[in-house]
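Now for the letters of each chain:
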Amino acid sequence: MKVPSLAKIEGVYSMVPETADSWRDAHGTAPFVRGPYEKMYQQKPWTIRQYAGFEGALETNAFFKRALLQGQTGLSVAFDLPTHLGFDSDHDLAAADVGRTGVAIDSVEDMAVLFDGIDLGNVSVSMTMNGAVLPIMACYIVAAEEQGVAPDKLSGTIQNDILKEYIARNTYIHSPDFSMEVVSDVVAYCSEHMPRFNSMSISGYHFQEAGASPELELALTMANARAYLTHFQQQGIDLEFVAKRLSFFFGLGMSFYKEVAKLRAARFLWSELLDEFGIRSESAKRLKMHCQTSGVSLTESSPLNNIVRTTIEAMAGVFGGTQSLHTNSYDEAISLPSDQASKVALETQFILQHETGIGDVVDPWGGSYMMESATQSMIEYVRTMQNNIEIEGGVLALVASGQLTAFIHRQALQTAMDEEALNKKIVGKNCYQSSSLSPQNERVIASDKTLLLQSKKLALLKLKRDDGAVKRALQALQAAARSKQNLMPFTIEAIRARVTVGECIKALTDENSRYLKPEHIEPALFCAHLDAEMVKRYQALSSQLGRPLRFLVAKVGLDGHDRGAKVIVSLLRDLGIEVDYLPIFSSLDDIIQQDGMYQYDGIGLSILSGAHIPFVTQLTQKIRTDCPIFIGGVIPASDKNALETIGVEAVFTAKHSLNDIAMSLYDILVVAAKI
Ligand code: SCA
Ligand code: 5AD
């Protein structure tokens, strides 16, 4: 299947856009190119909704309260990886990741602490949860109930978009078929009991972060939206009713015009899609979106420049008419946002809302020939891509075959090549580098302390609860899964009985085993941009050894961000190295076992979750001492020495170019090969 190309955005277009006259349309009427509401931000400014979470519920609760006091207008919960994947904090596989990339929630007791002193009837709360959506949604409902707030008074959003997890984000648990049933259970439950709650946030953000262009991001998001509508229809769900609470989530990268056009086109396409499904409700056709500025566009060097990038990206979101916005923190390429960086990100939104007046005009780009044409090009691209997807059997078939993931990976490779060849310039990364580092105080996550505390709390919970009630609730949940009933009410019952998140998921995975998607890595593409001398040196080294060099690249733990690991696999293959890849969720034992078979010339671990120290410490204790180990990912400079002391040969982060990596590896390999 081919990915179409987008007409270049320039001042001059030959195409007469279908939306050319749309700027004459009233704002707030279908097809909503000019914005979902008549008066837009003049009536209600966008919601300032910063995504956050770390360590335990207590720490995140304090952070939320501070943000609300400072003037943030909505909440957005980031859960840690064990919670995403349905492992309680005391599970063996969870240990290294507890509280690192988000808050650890094991039971309703944690959820109650997370919102202690925050009136859930008053604040809208977004929860980024997909894999373990049933128990987390149930924890939220029960915590609110125990706060005295009934489900019909709750406003907020649950992400509940599993398709993009298989395609790009990787926090899925069950098979796609079972997961689609879970998605519709949540949607059906919300539409019946939680009329103010958005039951999905159909997401493109993660596609762009994984490497997709803005147009591919939009096309895949719309393809997923269509797949969900089709699925709900087949389940007998009343689309007219539920579509009003299906919301969207887009990324905002540095392609300024494209991003504005993308948001305008998204509204048009959703309205058109609902027409196709025969839906009449204007309020359903009004696409509502959250946007987040891009994490991958931020650089590790000169981090203060990231404030500029974030501001430009946020402006595209405002010009595009977003309803809710997260602005990233300037230190995100280094660690989880520090307090200082979070404050700057939040205040960036205050400045946009209160100092600039850019929200005073509705759809200010409307009527610009460039913007209308760009919007039209986006629409055409998405339609062509949709056709191609249908010809290949639809989204679900392509999710299963891994093809959609492969499209994104190919674009990630192209970006890496463009950066290497200076076709795409990134200030401070591949041009205008300076050695001066800006001041910063990284956030240090107390993961060990959080793990200990969560484990104690779990033990106490299990001591206090009624074991009989727990057993009955879990059996009822399993029986409901077998008989294909809506699982939400059964999960809520279980959570009320103090069943844990991990126990709920375990009960469901006993019925449907944990799923691992097929992996596909694109053939090498870099050669043209790698230093020819260096490629020859690798060939010579291999000739001297009398065999090809062989590497293992692995993702360990629960971290699903595999863009970097896959780019490195492609790079190494270009250098003539034979590479085995252990995909997401691999364990250290998997690595030891593989190395026992092949005695690799080098092992590379890719870790973006912050868990590099515990994983590397354990690995170096278990692996043969003469095996060179490399680490790549989000690694604060302050940890580099610690990693080298433990025995790591080299640490690679976002600031390293592919040629840098290839050269460093060569030097280490020559020493290791003792030639
Ligand atoms: C708003 N309203 C208006 C109006 N603007 N009415 C008239 N005129 C206007 N101009 C009304 C709305 O209709 C609505 O009323 C109410 O005001 C609230 O506004 P809203 O626009 O719906 O805003 P909000 O409540 O903030 O909801 C926004 C949105 C929602 C719909 C997009 O889904 C949302 O908040 N999403 C956030 C998702 C999120 O934070 N995701 C984080 C992902 P009614 O309620 O009566 O209709 S982070 C992630 O995935 C990171 C990745 C990773 O890998 O970790
Ligand atoms: N708190 C704040 N921001 C986070 N991100 C991921 N996890 C958190 C968290 N716990 C940011 C990342 C990335 C985007 C997906 O969200 O840095 O840019």
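Per-chain numbering applies: the sequence of each chain, read as written, is numbered from 1 onward. Working convention: letters from A go to chains and numbers from 1 go to ligands, in the order in which they are written. Restriction of local features to residues with pLDDT of at least 70 applies here, the model being predicted, together with a cutoff of 80 or more for giving and counting side-chain atom pairs; totals for whole chains, interfaces and linings are based on all residues. Hydrogens and water molecules were not included; the side-chain quantities draw on all heavy atoms of the structure.

A few words now on the site of ligand 2. In these notes, residues near a molecule or strand are those with any non-hydrogen atom within 4 Å of it. Around ligand 2, 13 residues are found, and the nearest of them are Y51, G53, T101, Q292 and E332. Contacts to ligand 2 include N328, whose side-chain N or O atom sits 3.2 Å from an oxygen atom. Three classes are used, and their members are as follows: Ala, Val, Leu, Ile, Met, Phe, Trp, Tyr, Cys and Pro are nonpolar, Asp, Glu, Lys and Arg are charged, and the others, Gly among them, are polar. Each residue belonging to the shell around ligand 2 can be placed in one class, and the counts come to 6 nonpolar, 6 polar and 1 charged. For this analysis, a polar contact is any N or O atom pair within 3.5 Å, provided that within protein one partner can donate a hydrogen and the other can accept it, and provided that sequence-adjacent residues contribute only side-chain to side-chain pairs.

Lining the immediate surroundings of ligand 1 are 24 residues, of which Y37, T47, R49, T157 and R169 lie closest. One nitrogen or oxygen atom from the side chain of S126 is found 2.9 Å from an oxygen atom belonging to ligand 1. Interatomic distance of 3.2 Å between a side-chain N/O atom of R245 and an oxygen atom of ligand 1. Computed by Shrake-Rupley with a 1.4 Å probe, the accessible areas treat only the displayed protein chains as cover when residues are assessed. Relative to its unbound accessible area of 1100 Å², ligand 1 is 79% covered by the protein chains. Segments assigned H or I by DSSP are reported as helices when at least four residues long, segments assigned E as strands when at least two residues long, and all are numbered from the N terminus. If you list the elements that add at least two residues to the shell around ligand 1, you get strand 8 (246–252) and strand 9 (289–293). Element by element, the count of residues in the shell around ligand 1 is highest for strand 9, at 3 residues. Taken together, the residues of the shell around ligand 1 break down into 5 nonpolar, 14 polar and 5 charged.

Right, let's talk about the layout of surface pockets for a bit. Reported here for the second largest pocket is a volume of approximately 470 Å³. Lining the second largest pocket are 22 residues, and of these L93, G557, F585, S586 and S587 lie nearest its centre. Of all the elements in the fold, those that place two or more residues in the lining of the second largest pocket are strand 12 (578–586), helix 23 (588–598) and helix 24 (612–622). Of the residues forming the lining of the second largest pocket, the biggest block, 3 residues, is contributed by helix 24. A class-by-class count of the residues in the lining of the second largest pocket yields 14 nonpolar, 4 polar and 4 charged. Only protein atoms enter the 1 Å grid, on which a cavity is a set of points fitting a 1.4 Å probe that cannot get out and a pocket is an open set with protein on both sides within 12 Å along at least 5 of 7 lines, lining residues being those with an atom within 4 Å of a point. Grid points are joined across faces, edges and corners, and a volume is the space filled by probe spheres set on the points.

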